Amino acid sequence: MGRVTLQTIADELGVSRTTVSNAYSRPDQLAPALRERILATAQRLGYSGPDAAARTLRRGRAGAIGLLFTESLGFVLSDPFAVSFLHGIAETAEQYHSGLLLASSRQDDGGVDAVQNAVVDGFCIYCLEEDSRAFEAIRRRNLPYVQTFGTSSDPDVSFAAVDDRGAAASAARHLIELGHRRLAVISDCGIPDGHLGPVDPGSLQYGTDAKSRMTGYLDAAREAGLDPASVQFAHATDNSMDAGNAAMKRLLDLEPRPTGVLSITDMMALGALTALDEHGLAAGRDVSVVGFDDVPQAASAGLTTVRQPGREKGRVAARLLLDPPADPADRRVVLPTELVARASSGPPRSD
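Conventions used here
- Residues numbered from 1 in each chain as written.
- Predicted model: local features only at pLDDT ≥ 70, side-chain atom pairs only at ≥ 80, totals over all residues.
- Heavy atoms only, no water.
- Salt bridge = Lys/Arg side-chain N within 4 Å of Asp/Glu carboxyl O.
- Helix = DSSP H or I, 4+ residues; strand = E, 2+ residues; numbered from the N terminus.
- Phe/Tyr/Trp six-rings, centres within 6.5 Å; stacked < 30°, edge-to-face > 60°.
- Buried < 20%, exposed > 50% of the residue type's maximum accessible area, 1.4 Å probe, protein only.
- Core = buried A, V, L, I, M, F, W, Y, C linked by side-chain atoms within 4.5 Å.
- Expected span 1.5 Å × (residues − 1).
- Contact = heavy atoms within 4.5 Å.
- Pairing = 2+ DSSP bridges.
- Axes fitted to C-alpha atoms, helices over the stretch in contact; angles between N-to-C directions.

Just to check I follow, could you spell out the pattern of salt bridges for this structure?
Side chains that carry opposite charge are capable of pairing whenever their charged atoms lie near each other. In this structure the tally under the stated criterion is 16 salt bridges. For Arg213, the salt bridge goes to Asp209, with nearest N and O atoms at 3.7 Å. Taken together, the positions of Arg213 and Asp209, both in helix α10 (residues 209-223) and 4 residues apart, correspond to about one turn of that helix. In this structure, the salt-bridge partner of Glu312 is Arg315, at a minimum N-O distance of 3.1 Å. Taken as a pair, Glu312 and Arg315 lie in helix α14 (residues 310-322) at a separation of 3 residues, close to a single helical turn. The structure contains a network of salt bridges with shared partners spanning Glu91, Arg311, Glu312 and Arg315.

Structure representation (structure tokens):
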């Protein structure tokens, strides 16, 4: 019989092509009995529905939003905070009848191909260097995007973020007020691979939430009269417990070792706690550890951390993308954070 189209069904039933199209795209425009007859005829003729790509071109919208991550997608789906964020995005996207497309910049081309070929109406950027190739590809497509990090001063940038720098400063201030003077930081990005030692604050000026948090730690050290060069930074290979464990072990080999360790995420901080346990050291007594995010495992581990609202961040980011406020100022949302003190932080030992 050849390829079955909307016109084929219209000819079969003696109705217009628009009437058949409405059965799929605007069912409220048809009497229920007529729509059922059209769908039954389409099924009998082997018609599966309008071409999705053609429908997208006609509507001028894709009906989906893209989420761009720096990590591999498999890793993202195993990260508790990222999953919480995804829940928030999905809840709001569903309300707006929008789909989701997940993409990663961890490709040989930096994620450029994934961005260029994504059939989406815009992007939520989870964490990405502003000078990255994928970020540039988004800008070149001239699609709307929402950052979930960085409270940019650019009035054209929409974001749903926390004050990473200020929140991190509060975490470091907590340790300093407990009496800690030998501080260290664990981070999986923003410092060179394998790095162990101080960092140049100027290298942290622009970039991701990780750089903002590291800057906040140094802000608090400077406020307390500490030399920023005295803060030791240990690079972790990725945002995982294993990587946090390995980074903490390197810090424990320093002489003298740090008494207070700040991790830019809870996952690495949880790994740091396991390293202390393996060395026969007690968190909060021998070495204090503070994380960032307050993932579900943090409470059971007694981890002091900065709580940020992952699910709400996802909801707000999706809403800004799918239904942006008329006033540009309302497209710049700073969400609250809270320092949650638990057993992993305490005064340094006097001996």
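For this particular structure, what's the right way to read the packing of aromatic side chains?
Here the distance between the centres and the angle between the planes together describe a pair of aromatic rings. Applying the stated rule across the entire model yields 4 aromatic pairs. Summarising the aromatic geometry, the rings of Phe69 and Tyr126 are spaced 5.0 Å apart at their centres and angled 45° between planes, so their arrangement reads as tilted. Here the residue Phe69 occupies a position in strand β1 (residues 64-69), and Tyr126 occupies one in the loop between β3 (123-125) and α8 (133-141), the gap between them amounting to 57 residues. Phe69 sits in the buried class, given a relative accessible area of 1%. We classify Tyr126 as buried; its relative accessible area is 17%. Geometrically, the ring pair formed by Phe135 and Tyr145 is edge-to-face, given 5.4 Å between the ring centres and 90° between the ring planes. Here Phe135 is found in helix α8, whereas its partner Tyr145 is found in strand β4 (residues 145-147), with 10 residues between them in sequence.

Explanation requested: the nonpolar core in the structure shown.
The nonpolar side chains of a soluble globular protein tend to be buried, and buried together. Core analysis: the biggest nonpolar cluster contains 71 residues, and Ile186, Tyr217 and Met248 have the highest contact counts within it. The element that contributes the greatest number of residues to this core is helix α12 (residues 266-278), accounting for 8 residues. Counting 19 residues, the second largest nonpolar core, distinct from the first, contains Phe123, Leu128, Tyr145 and Phe159.

Would you explain helix α6 (residues 80-95) in this entry?
What sets the pattern is the α-helix's 3.6 residues per turn: residues three or four places apart point alike. Here α6 contains 16 residues, and its C-alpha end-to-end distance of 23 Å stays within 8% of the 22 Å for a straight helix at 1.5 Å per residue. Regarding α6, the residues found buried are Pro80, Phe81, Ala82, Phe85, Leu86, Gly88, Ile89, Thr92 and Ala93. Just downstream of α6 lies His97, where phi reads positive at about 55°.

I tried to follow α10 on my own but got confused; where do I start?
With 15 residues, α10 extends 21 Å from end C-alpha to end C-alpha; this agrees with the ideal 21 Å at 1.5 Å per step. Counted residue by residue, α10 has 12 buried out of 15 residues, so it is predominantly covered. Listed as buried for α10 are Asp209, Ala210, Lys211, Arg213, Met214, Thr215, Gly216, Tyr217, Leu218, Asp219, Ala220 and Ala221. Buried positions along α10 lie against α9 (164-178), β6 (183-187), β8 (232-235), β9 (260-263) and β10 (288-293). Directly after α10, the chain includes Gly225, whose backbone phi takes a positive value near 85°.

Is there a simple way to think about unusual backbone geometry in this case?
Each neighbour pair has its own omega, and for Glu255 with Pro256 the value is 0°, a cis peptide bond. Mapped onto the fold, Pro256 is located in the loop between α11 (241-252) and β9. The backbone of His97 sits at a positive phi, close to 55°, despite the residue not being glycine. Among the structural elements, His97 can be located in the loop between α6 and β2 (99-104). Not every positive phi belongs to a glycine, and Asn142 is a case in point at roughly 60°.

Mind showing me how you'd approach the sheet that holds β2 here?
The strands making up a sheet associate through hydrogen bonds between their backbones, and the pairing can be parallel or antiparallel. A sheet is described by the order of its strands in space; here 6 strands give the open sequence β2-β1-β3-β4-β5-β12, paired in parallel fashion. Sheet topology places β2 and β12 (332-335) at the edges, where each strand pairs with a single neighbour. Between one strand axis and the next, the sheet turns through 20° on average, direction left out of account. Both β1 and β3 contribute to a ladder of 3 bridges, which runs parallel. By the bridge assignment for β3, Leu68 is matched with Ile125. Its contacts with the sheet put α14 on β1, β3, β4, β5 (158-162) and β12, and the angle it makes with β5 is roughly 170°.

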